[in-house]
Amino acid sequence: MTVLIGQHEFEGPVTNFANIPSLPGVYAFLFEESHGLMLIDIYESGNLAITFAKSTSVLGTKILVFLICETRERCKAILAEISQEFPYDDGEILQNVPNKRTETNAGVSFSI
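**Quick notes on the side chain of E44**
Reasoning step 1: Relative to the elements of secondary structure, E44 occurs in strand β4 (residues 36-45).
Reasoning step 2: Only 2.7 Å separates the side chain of E44 from the side chain of R72, close enough to count as a polar contact.
Reasoning step 3: Non-local contacts of E44, meaning those with residues more than four positions away in its chain, are made with G25, V26, Y27, R72, C75, K76 and L79.

Put into structure tokens, the structure is as follows:
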């Protein structure tokens, strides 16, 4: 199956990390909503297999898709293109969220 992000067809959803090729690529995390898929994050990698071999996290409700690129430069160009098409500003989402503390009253380091 393929998922269209911008003008590019990504392979996925990934269900087995052993099947990811050792090639440069762009990968994205999606979330399924009632009206379709929502792009959560998108990244590039010089070696998709190594990137995900180091990952010990479980996808949970996220969907992982990837696109193989000829070169790392092509990956970066695709990432920039998609980032412009789907603008996302961290500040917009967090502007109404109160500041978070990084330690508890007991002085123990803690992050939310």
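Let us keep going from here.
**Looking at unusual backbone geometry**
Reasoning step 1: Cis geometry is found at the peptide bond from G12 to P13, where omega equals 5°.
Reasoning step 2: Mapped onto the elements, P13 comes out in the loop between β2 (8-11) and β3 (25-33).

**Brief notes about the pattern of salt bridges**
Reasoning step 1: Taken as a whole and judged by the stated rule, the model has two salt bridges.
Reasoning step 2: Among the salt bridges present, the one from R72 reaches E44, with a minimum N-O distance of 2.7 Å. Of the two residues, R72 sits in helix α2 (residues 72-85) while E44 sits in strand β4, which places them 28 residues apart along the sequence.
Reasoning step 3: Taking relative accessible area as the criterion, R72 reaches 38% and is therefore assigned partly exposed.
Reasoning step 4: According to the relative accessible area criterion, E44 is buried, its value standing at 18%.
Reasoning step 5: Across the pair R74 and E70 runs a salt bridge, and its minimum N-O distance is 4.0 Å.

Rules used throughout
Residues numbered from 1 in each chain as written. Predicted model: local features only at pLDDT ≥ 70, side-chain atom pairs only at ≥ 80, totals over all residues. Heavy atoms only, no water. Helix = DSSP H or I, 4+ residues; strand = E, 2+ residues; numbered from the N terminus. Polar contact = N/O pair within 3.5 Å; in protein donor to acceptor, adjacent residues only side chain to side chain. Contact = heavy atoms within 4.5 Å. Salt bridge = Lys/Arg side-chain N within 4 Å of Asp/Glu carboxyl O. Buried < 20%, exposed > 50% of the residue type's maximum accessible area, 1.4 Å probe, protein only.

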